[in-house]
Structures are given as structure tokens and as C-alpha cells.
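Observations on chain architecture
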Amino acid sequence: MSEKILYSYTGIFDTPDEIIHAAEKASEYGFKNYDVHTPYPLHGMNKAMKLPPSKLGYVALVVGLSGALAALLLMFWMSAVDYPIVIGGKPFFSFPAYVPVMFEVTVLSASIATVLTMLFIFFKLPNNAHPLNDTLYMKKVSSDKYGISIQAEDNKFNEADVRRFLEDCDAKEITAVYYDKEEINYKHKILEPKFIGFLLFTALLTSGVTYFTLNKLLYMPPFDWMMEQNKLNPQATSTVFDDGFGMRKPVEGTIARGFTPYSFSGQPEAAEVNLVNPLPVSKSVLELGQQKYDTFCSPCHGYYGEGDSRLRGQFPNPPSLHSEKIRTWKDGRIFHVITDGQNIMPSYSSQLTVNEIWAIVHYTRVLQRALNAKESDLQ
Amino acid sequence: MSVVDHTKELSVVEGKPALRSLDDLISKPLETKPDKKFFIALSITLSMMGLFVIGLGLTFWYGVGMWGNNNPVGWAFDIVNFVFWVGIGHAGTLISAILFLFRQKWRTGIARFAEGMTIFAVMTALLFPLIHVGRPWLDGWLMPYPNQHGLWVNFTSPLLWDVFAVSTYFIVSLIFWYVGLIPDFATLRERTSTKIKKAVYSTFSLGWRFSNRHWQHYEMVYLILAGFATPLVLSVHTIVSFDFAVSILPGWHTTIFPPYFVAGAVFSGFAMVQNVLIFVRKIFNYEHIITLDTLEKMNKIMLVTGSMVGYAYAMEFFIAWYSGVQPEQFTFLNRAFGPYAWAYWIMVSCNVITPQLFWFKKIRRSIPIMFVVAVFVNVGMWFERFVIVVTSLSRDYLPSSWAYYTPTYVDFMILIGSFGFFFTWILLFTKALPVVSIAEVKAVVDDAQPSHKGH
């Protein structure tokens, strides 16, 4: 056995009064590296040891205020800068509504930071390899005795003097505490391959399970994402009706809500004669017409009706709307083409309402007149 | 009658036990094998939890249509249970934080247990938002917040505040609890002889060594945490009440809700803590640590908060009349005399009338009677949430949409099951961790603090 390295001398006391007295004497004697160990905090011990007040309050203050500020800025950026949405007519930056979240974030960040700072920075825990751990001394001070430990690294440390000092204080069981072999050679286990492997394994397991759960498991039965429902899909068989068809024809002589039957299907000339545009030429009608024209007509006819399709030849270009023929058509004929389709142009009656089609007709007239203006328009 | 010297503080721990005997007593449940009684209790709570699992299975398989929720009453048992359990959780932090700031030494015997109950109650409460979303297997997508569309959450919504408040409350309570447990883990570490237990306690005690240089910071952190937890505990039920108060529904849209909810939460929380502690002190022989005086003080707090709740009930009626708002007036008359009058009068008799018995010292100090009263309080507080949620929703502004709500058997299975979930945790807690803070109790034993003679 090689020579052991001394950590400290320890003494045990039975009553709180004695330990307070001993601590006072130790600080008067001039020891710096000594500590008192008690099963619970003793009133007046900090004063006896002449300890400066704890600075942890500053950690709570700084982190708490930063948390509040960060929460405020984040909420400001999210709801007033990055994606502003009007909610309930409140301003984008509505401070009173942010107060609850700010408060919670303050409390949360300050509490976590203070505790972590105390445990890991102030105390340098976890530290199960400390020389005092696993000693008889620790067994006693963790239960019902009060102990003082004067460390060998103290400038005034001298084995004989310290022993005499402890005897003067009436300490019992004065013992020397030595470093264990493992404690001297103690290295942080964080860098051990075993620990790193454990971390990697945990990371892989967590991410694997998360990936599987969110991307695979949730698409297996019984999670059907409402794809299977108790209703009839188009083309499906029905057991309710005798003919087995799920899709039903409308009852004879009825029409669906909001649907106006078109009675000139396949009769462009009759439509031209009989249909009259019921809408007035007003700003709002023309704006509606422009919007619908740009959405439904312009992909093929172009924004100005010149037949300059944006489809780059994937679909045959339609003729210009500015031709003599179309300019002289009556409104009803244009309405008919949009409603019923013509050549390869399909019917738009399912996408557009009757009024919207009439508005487009007005807008078409605006386009035509813009290219072939009358003399009077130019004055 | 004995004469009491009122100039001296009464002993918090009776009989000046030796410090080592406290170690022995408190760590005894952890060092002995669970007995038959424990397994009987556990089988009861696990059976209740079985109901929970079946109820949730039915809900998940067939959908929330298994519940009694109907068109006007879209919020029913799920939110009632959520608010009830969050409320139960309030006693723990109140005892550990607010009473700590007020230097109430009697809190030491019950603080650890109450904090544990806080954590389990909040865990129980958190289940309800998760299951009521309809497709609970998608809860995994809530965290982290999925933001593929660049759209952020609505920071002006009380439901969002609720998420922040309850999760903060849970985390801070857990931290508070753990910080308190560190020295006790170290004490247990020094006591135990088995290798596995030693490794576990060493890990959780982080190598704590009872150093006064540590105690000094430790006490400061305890003070800071208590300082933060005090407004936090008040804020949590305030924000839960905002879920209702920020809406425009008659009966919900009132400014009295925050203090009223907080008082109610403390009220029901203390009732639950008292109920459970009566068993704990008897079974584990903690009668001298959790003394009759402590229970009496808890009953006094119940009397105070119960009266506050009663005042709030009266004030709601007064405001409804005084405001001159007709829907508001109708809602309150409807509460007391409408189809849900039975629930309203259960609530009033349990919450307002029963706790008034605590004006009598004999009743405050009689364990069977105080137990029954506290059970009534818990029933009443559950009905309070039921009355607030269901009566307001079932009859709001539009008479054509009125409907009566009746819970289904699945609703009751989940309600009973949530108690099973909660008490299972409590039972496991009593066998896994010291239910009384060893270090804190030692510090308040008579003569445990220096007398500072000659100073």
C-alpha cells in the first residue's frame, strides 16, 4: 500500500450548539478550507462560518428577465412580423394578451436555471467520488450528528495543530479522511466509450421509435385517417336500393338547390336572340368579371383576350376575342359559349355562377373596346 | 382544561423524537416489503384504472361519440375533470411555497406528500386535453409544434396560455419536489446496505454531502423557488379560469372567476390532501409528525377558502342582477332552479354549508367527521365545475339550440378511472420515496436548532 493522501480531519459533535461554537472558532482561527456537515440546515451557521450571502438570486434575476424579454420578442416576431393575422380585431402586437405567457416563461426559465446552476456549477454535482462520501463520518452527519471537516489543502493546516484544535472544541471521534485510490484516479465517465455508446444508443432508439410512431405506425390500421367512413362513395354499390346503384338520379321534375337549368344547350343562335345581360355595367361588376376572367379564361385566351395562351402549346391556342365575328356577337352568344362550351372549349357552368358569367361577358366587352376604341373614347 | 402558553410556538413535531428514530420511521416503508394491505389497496386502484383503460379504448375505437357530449354541450366531463384535477394539484404548491414564505413550520410534515399529490394530480389532469382531441394518436404531432405552413399559434388565446401555465406548473413542481428530495436521497444512500438501492440513491442524491456551504445556497434556492411558485400557483388556476372568463357565454363571462377559481382549487386540494394524509399518518405511524394540530390547521384553511367560494357564489348572483344583463340573469336563475338545479344544490350544500361545521373546534379535531366533511368538499368541488361548464353551455343565448346533457357510462368509466390512475401513483409513491421530508422534519424538532446562548 502506497502512502495515502490526506483529505481532511473530521470531528463529530452531538448538539447544534456545540457545532455552532466549533464553526465560530474555526473561522476565528483563520481556516479557509473547512466545512460543516449537518443533517439539516442550522440557523446561524452561515454567520458562524462567516459565509458571504448566496449569489444565486442574481442568476434567477438575470435568467428570469431574459426569459421574459425573449418571450415578448418571440411573440412579437411571430404574431406581428412573420405571419400577422387579425384575431378578434385585436392589434397584431397585443401586449396584455402576452402577459400570461411572459410570466410563465419567466418562472420556468428562472426556476430551471437557478436549480441547474446551483447543482452543477455551484456544487459541481454529481460527485459521488468525493473523499467524504462512503465514510463513517458521512453516515453520522446524514442522520443525527453534526460534523466539522478541516481540509489538508488549507494554508494553516498542520496535522498536530488541527488535531489539537478539534480536541479543544471537544469534538468526538477525531479521524483523518484519506483519498481512495479510485478517487484520485477518478475521471469523468462522460468520455468513456461505454457512456458514449449508451448515449448513441439512446439517441438512435428515441429517434427510431419517434420516426416509426409518427410516420409508420399512424398509417397502419386501425388508424385509417377517416379514409373509411360509413357513407357511400361515388360508383359504390348500395344495399338500400333495389338496383344496387349508390349514385341516384334526381327525382323527376326537381332541380338541385342553387342550380338553374340552361334551356339553350346546343342552340347558340337561339341563345343569342333570347338571352339579355341582366347586369348593369358598374365598377363592381367589371371587377368581378375581371377576377373571374383572369382565373378561368386567361390561361387560354390571355389576359387581354388576344389568344396568347400561357399554356406554351400544351393545348391548342384559341382564336382572338377581338375578331370582327366575336365583336359583333350579342352578349347572349358569348354567355352561351361559356355556359355550354364550343369546339374543344369545355363548359364552365359548374365553375361559374350565372351572374359571374354575365360579369365576364361585360369584362370581355371592356377588353374588346380597349383594343378597338371608338373615336369618341379617344377624345 | 390545560392552560396554553400563547407566547410560545407549539411544537410542530410532538414528543421530541430522537433524530435517528425519524430516519428509521420515515424510511421504514422503503426498507420493508409491501404487506397485504398494500396489495389490496393496489388491486383496487388498478381495477379502477382498468375501467379507465376500457373507457379510453371504447373512446379511441369508436370516437368521442361514446361520450354524452352533444351539440351545445361540447365541453363536458373532459374539461370538468381537467379543471377538477388541476385544482386538486393546487394544495401541494400552496403548502410548499406559500406556507414556506409565511414561515409556517407545520407545513414540513405534509409538504412532501402534498407536492407529490400535486404532480400526480397534474399528470391526471393532463390526460384529459390529450384524450378529448378526438384522434389522440395524433398527439405526437403537437410536440414539437408542427410549423410546415409557417403559421404560428394564437398568443391571444386563453387555451394557449393554459398550455404554458399547466406545463410550467408541472415542471416547476417537479423541480421543487426533486430539490427537496436530494438530501433525503443522501440520507437513504447512507442507510441502505443493498448494492442496487445504493446505486439508485447515489445517482439521485447526486453525491450530496450535507455540507453547510451547500445548505446555504440550497436554502436560497428554496426561497427563490418558493418566491416563484407562489405567483405561479395563483396564476395557474387564474389562467384555467380564463378559458371560461374570456369567452362571452353568460355564466362564464365574469371577472370574479380568477380569485374564485383559485380559492376553489385550494379548497379542494386541501380536502384531498387531508383525506389521504389521514390514512398515511395512521398506516405509517406518523401521528407525531403529521399531528392533529396540523390537520386542524388544514381544516381552518378549508373553512376560509370554503367561505370564499360561498361568497363567490353569492356574488355571482348579485352581479347578474346588478348588471341588468338579461341573459346573465337568466343563466343564474336557470342554474339554481332550472333542469340542473340538483347539481347546483349538491354543490352549494357540499361546498358552502358542510365546511361551516369547521367553526366548531370539536369537529375540527375529530378525525372521522373531518374526513367525511372533506369527502363532501371534493364531491362539491367536482360538481362546481360541472355546474359551471354544463349549465352555461346547455342553455345559452339561442333557445332553439338548448339541449340537456346526460353523461354516458363511458364518461363515468373515465371519471372513476382517473381516480384509479391518481391513487395508483400515490400508492407507488408511498413505497418508493420518503413521504415526509426527513431533513425538513428534523429541522423543526424541539431543540434541533441552536439556542445561541451567550450571544
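Relevant structure appears above.
Residues numbered from 1 in each chain as written. Chains lettered and ligands numbered in written order. Predicted model: local features only at pLDDT ≥ 70, side-chain atom pairs only at ≥ 80, totals over all residues. Heavy atoms only, no water.

**As for the nonpolar core**
Generally speaking, nonpolar side chains in soluble globular proteins are found buried as a group. Our working rule: In this text, buried Ala, Val, Leu, Ile, Met, Phe, Trp, Tyr and Cys residues form a nonpolar core when linked through side-chain atoms within 4.5 Å. Think of it in three bands: residues with accessible area under 20% of the maximum for their type are buried, residues over 50% are exposed, and the middle band is partly exposed, with areas taken using a 1.4 Å probe on protein chains only. The contact criterion used throughout is that any non-hydrogen atoms of two residues lie within 4.5 Å.
If you look at the biggest cluster of nonpolar residues, it comprises 188 residues, and the most contacted ones within it are Tyr286(B) and Phe386(B). Look past the residues within four positions of Phe386(B) in its chain and what remains in contact with it is Phe77(B), Val80(B), Tyr340(B), Trp342(B), Ala343(B), Thr391(B) and Tyr405(B). Counting 20 residues, the second-largest nonpolar core is a separate cluster that includes Tyr293(A), Leu321(A), Phe335(A) and Trp358(A).

**A look at the interface of chain B and chain A**
To keep things clear, this is the line we draw: In short, buried area is how much 1.4 Å probe accessible area vanishes from two parts on joining, totalled over both. A carboxyl oxygen of Asp or Glu within 4 Å of a side-chain nitrogen of Lys or Arg is what we treat as a salt bridge. Each polar contact in these results corresponds to two N or O atoms within 3.5 Å; when the atoms are within protein, one needs to be able to donate a hydrogen and the other to accept it, and residues that are neighboring in sequence are counted only if both atoms are side-chain atoms. In DSSP terms, a helix is any run of H or I states spanning at least four residues, a strand is any run of E spanning at least two, and both are numbered starting from the N terminus. Residue polarity is assigned by list, with Asp, Glu, Lys and Arg as charged and Ala, Val, Leu, Ile, Met, Phe, Trp, Tyr, Cys and Pro as nonpolar; anything else, Gly included, falls into the polar class.
Taken together, the contact pairs 65 residues of chain B with 77 residues of chain A. Of the roughly 6500 Å² buried between chain B and chain A on both sides combined, carbon and sulfur atoms contribute 67%. Put simply, chain B and chain A have two salt bridges between them. Note that Arg20(B) is salt-bridged to Asp144(A), the shortest N-O span being 3.7 Å. The interface formed by chain B and chain A holds 24 residue pairs in polar contact (both at pLDDT 80 or more) in total. Secondary-structure elements contributing two or more residues to the side of chain B that touches chain A are α1 (19-31), α6 (158-191), α7 (195-205), α8 (212-245) and α16 (438-444) of chain B. Broken down by element, the side of chain B that touches chain A gets its largest block of residues, 17 residues, from α8(B). For the side of chain B that touches chain A, the class distribution of residues is 34 nonpolar, 20 polar and eleven charged.

**Overview of unusual backbone geometry**
Even without being glycine, Asp134(A) reaches a positive phi, approximately 60 degrees. Within the secondary structure, Asp134(A) is located in the loop between α4 (95-122) and α5 (136-141). Here Leu206(B), not a glycine, exhibits a phi torsion of approximately 60 degrees, which is positive. Position of Leu206(B) relative to the elements: it lies in the loop between α7 and α8.

**A look at the pattern of salt bridges**
Under the definition given, this model contains 22 salt bridges over all chains. Of the charged contacts, one joins Arg248(A) and Asp243(A) as a salt bridge, the two residues approaching to 2.8 Å between their closest N and O atoms. Accessibility expressed as a relative area gives 46% for Asp243(A), which makes it partly exposed. Across the salt bridge formed by Glu287(B) and Lys282(B), the nearest N and O atoms sit 3.8 Å from each other.

**So, the pairing of strand β3 (residues 146-151) of chain A**
Remember that side chains alternate between the two faces of the sheet whenever the strand is regular. Within β3(A), six of the six residues are buried, which leaves the element mostly enclosed by the surrounding structure. The two faces of β3(A) match: Tyr146(A), Ile148(A) and Ile150(A) on one face and Gly147(A), Ser149(A) and Gln151(A) on the other face are all buried.

**A short note on the packing of helix α10 (residues 292-323) of chain B against helix α12 (residues 341-353) of chain B**
In helix packing, the relevant descriptors are the interaxial angle and the interaxial distance, both defined with respect to the helix axes. Residues and elements named next belong to chain B. Heads up, the condition is: Only C-alpha atoms enter the line fits that serve as axes; for helices the fit covers just the stretch in contact. Angles between N-to-C directions range over 0 to 180 degrees. Angle categories are assigned with fixed cut-offs, so that under 35 degrees is roughly parallel, over 145 is roughly antiparallel, 65 to 115 is roughly perpendicular, and the rest are oblique.
Packing of α10 against α12 leaves a shortest axis separation of 9 Å and a crossing angle of 140 degrees. As the angle between them shows, α10 and α12 are arranged oblique. Contacts between α10 and α12 involve Gly 306, Gly 310, Tyr 313 and Phe 317 on the former and, on the latter, Tyr 344, Met 347, Val 348, Asn 351 and Val 352.

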